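# Analysis of the macromolecular model
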Amino acid sequence: MYSVLEKKYRRLQKELTVGAISLAGVVLTGTLWYKFVEGWSWEEAAYMTVITLTTVGFGETNPLSSRGRLFTIALILLGVVTIGYMVNRFTEAVIQGYFQEGMRLRQQRRLMESLTKHYIICGFSRTGRQIAKEFQAEGVPFVVVDANLESVEDAQAQNYITYQGDVTLDETLLKVGVERAICIVAALPSDAENLYTVLTAKTLNPKIRAIARASTEESVKKLQRGGADTVVSPYITGGKRMAAAALRPQVLDFVDGFISGTDRQFYMEEFLLDPAVYPFVGHTLRQARLRSQSGALVIAIRRADGHLIGGPTGDTVLLPGDTLICMGTSEQLRSLNQILIPITSRRRRRPRND
């Protein structure tokens with residue numbers, strides 16, 4: 001399955017190829033006729049064919065027989081049609097940006113083939129646009145996939161790596177490297193499409209983390225049963241946030257500042273403890289001295305079995321597979337990043353600068 005842009009590129013490529021082959025066939029036919037029927041030399045036959053096709057107005061190289069003149073008339077007509085077709089196709093290719101499009105498609109393929117441990121955003125609607133902005137701000141590699149040509153062109157205008165296709169199909173997800181990705185975000189307007197996308201992604205890469213958008217509470221349950229690790233309903237989440245803004249405005253602003261970094265002072269990050277690299281697995285937080293070494297604060301610990309410990313004390317033991325949720329300035333989190341191993345084996349993005 002090719003995108004609309006690729007289909008246009010391939011159509012122009014095919015038409016130019018057909019035109020070039022047709023022109024070569026006409027030149028070969030004329031040369032062979034003058035050589036074997038008229039009895040001329042190869043040089044004379046080729047020269048006569050070229051000046052005939054280009055209609056430069058030169059005289060006959062050698063006297064022609066009656067049938068030779070009839071053939072020359074036919075050769076001129078064939079030449080005019082073939083060359084006219086070639087000029088028309090070439091002009092269309094230049095006007096429609098065929099050559100630039102070819103370079104862009106080749107560059108896009110190379111970028112997609114080189115992507116690893118990346119994120120896939122399915123759908124470039126209002127939700128997808130905001131997700132892309134956040135990912136770009138965090139400096140993580142991602143690719144945008146959408147079936148709508150206008151959305152694809154909009155994403156390309158913002159210099160995002162983009163692919164046009166139906167994300168519910170295996171071939172589309174394979175094109176964007178789903179087997180090498182660490183997370184897929186299904187942000188399509190349709191809950192059914194998001195469910196199919198999650199199912200397809202989980203089938204191709206069972207280890208991928210799937211985030212899905214849902215419009216109704218019933219869809220939330222279905223997406224969870226379909227394999228989505230996290231399901232977000234804009235309406236439910238938006239309602240909760242509006243209620244929190246009304247009841248606890250300062251708390252909401254405080255938390256938003258951590259998540260988005262809008263205040264440029266504090267950030268939140270998460271780190272996975274790897275016992276193969278970090279020597280303090282099995283020790284307490286007090287013995288690890290993470291706060292004194294980095295200045296960052298460990299505000300919660302998620303155990304490997306999913307149990308969450310909020311506000312861990314100095315006596316809390318660090319276990320293999322624990323995820324530390326930490327808070328601090330960008331410099332503090334960078335220091336902590338040098339002590340701990342980030343989530344997954346990928347190179348962890350650094351917190352944004354102040």
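Just above sits the structure.
Attention here is on the structure that accompanies the text. (Residues numbered from 1 in each chain as written. Predicted model: local features only at pLDDT ≥ 70, side-chain atom pairs only at ≥ 80, totals over all residues. Heavy atoms only, no water.)

## A look at the packing of aromatic side chains
Within a pair of aromatic rings, the relevant descriptors are the distance that separates the centres and the angle that separates the planes. Basically, it comes down to this: Side-chain rings of Phe, Tyr and Trp (the six-membered ring for Trp) are treated as a pair once their centres are within 6.5 Å; stacked means planes under 30 degrees apart, edge-to-face means over 60, and tilted covers the remaining angles. Only DSSP runs of H or I covering at least 4 residues are called helices, and only runs of E covering at least 2 are called strands; the numbering of each starts at the N terminus. The buried label applies to any residue whose accessible area, calculated with a 1.4 Å probe on protein chains only, is under 20% of its type's maximum; exposed applies above 50%, and partly exposed to all values in between.
Under the definition given, this model contains nine aromatic pairs. The interplanar angle of 80° and the centroid separation of 5.8 Å between the aromatic rings of tyrosine 34 and phenylalanine 71 together place this pair among those described as edge-to-face. Placement of the pair is tyrosine 34 in helix α1 (residues 4-37) and phenylalanine 71 in helix α3 (residues 66-95), with a sequence separation of 37 residues. Each member of the pair, tyrosine 34 as well as phenylalanine 71, is classed as buried. Judged by centre distance (5.7 Å) and plane angle (85°), the ring pair of phenylalanine 36 and tryptophan 42 falls under edge-to-face. Given a relative accessible area of 47%, tryptophan 42 falls into the partly exposed group. Joined through ring pairs, the aromatic side chains of Tyr119, Phe124, Phe135, Phe142 and Tyr160 make up one cluster.

## A closer look at the sheet that holds strand β9 (residues 308-310)
Threshold: Note on pairing: DSSP must find at least two bridges between two strands before they are called paired. To obtain an axis, a line is fitted to C-alpha atoms, over the contacting stretch when the element is a helix, and the angle between two such axes runs from 0 to 180 degrees between their N-to-C directions. By the convention used here, residues are in contact when the closest approach between their heavy atoms is within 4.5 Å.
Strands sit in the order β7-β10-β8-β9 across an open sheet of four strands; the sheet is antiparallel. With one partner strand each, in any of the chains shown, β7 (267-272) and β9 form the two edges of the open sheet. Shown here is a sheet whose adjacent strand axes are inclined to one another by a mean of 25°, direction ignored. Summarising the sheet, strand β8 (residues 297-302) and β9 pair through three bridges and their orientation is antiparallel. When the sheet's bridge partners are listed, arginine 302 is paired in β9 with leucine 308. Strand contacts of helix α14 (residues 330-339): β7 and β10 (323-328), with the helix running at about 5° to β7, the strand carrying the most contacts.

## With respect to the nonpolar core
To keep it simple, the criterion reads: Nonpolar core, defined: a set of buried Ala, Val, Leu, Ile, Met, Phe, Trp, Tyr and Cys residues in which side-chain atoms within 4.5 Å join the residues together.
Judged by nonpolar contacts, the single largest core of 25 residues is most densely connected at Ile120, Leu173, Val176 and Ile184. If you list the elements that add at least two residues to this core, you get β1 (119-122), β2 (142-146), β4 (183-186), α8 (191-204), β5 (209-213) and α9 (217-225). With residues near it in sequence (within four places) discarded, valine 176 still touches Met112, His118, Ile120, Val143, Val145 and Tyr163. Ranked by size, the runner-up nonpolar core spans 18 residues in total, among them Tyr278, Val281, Leu318 and Leu336.

## What about α14?
Defined as follows: Directions are taken from the helix axis to each C-beta atom, and the arc is the one they span.
Within α14, burial applies to Ser330, Leu333, Arg334, Leu336 and Asn337. For α14, the buried positions fall inside an angular range of 165° around the axis, keeping them on one side. For α14, the exposed residues set more than 90 degrees away from the buried face come down to Glu331 and Gln338. Contacts made by the buried residues of α14 are with β7, α13 (290-294) and β10.

## Brief notes about the layout of surface pockets
What counts here: A cavity here means a set of points on a 1 Å grid, drawn over the protein atoms and nothing else, where a 1.4 Å probe fits but cannot get out; a pocket is an open set with protein on both sides within 12 Å along at least five of seven lines, and a residue lines either one if it has an atom within 4 Å of a point. Grid points are joined across faces, edges and corners, and a volume is the space filled by probe spheres set on the points. For this scheme, ten residues count as nonpolar: Ala, Val, Leu, Ile, Met, Phe, Trp, Tyr, Cys and Pro. Four count as charged, namely Asp, Glu, Lys and Arg, and the remainder, Gly too, count as polar.
Looking at the second largest pocket, its volume works out to about 160 Å³. Lining of the second largest pocket is provided by Arg104, Gln107, Gln108, Leu111, Gln156, Asn159, Tyr160, Ile161 and Thr162. Those elements that place two or more of their residues in the lining of the second largest pocket are α4 (98-114) and β3 (161-164). In terms of residue count, the dominant contributor to the lining of the second largest pocket is α4 (four residues). Broken down by class, the residue content of the lining of the second largest pocket amounts to three nonpolar, five polar and one charged.

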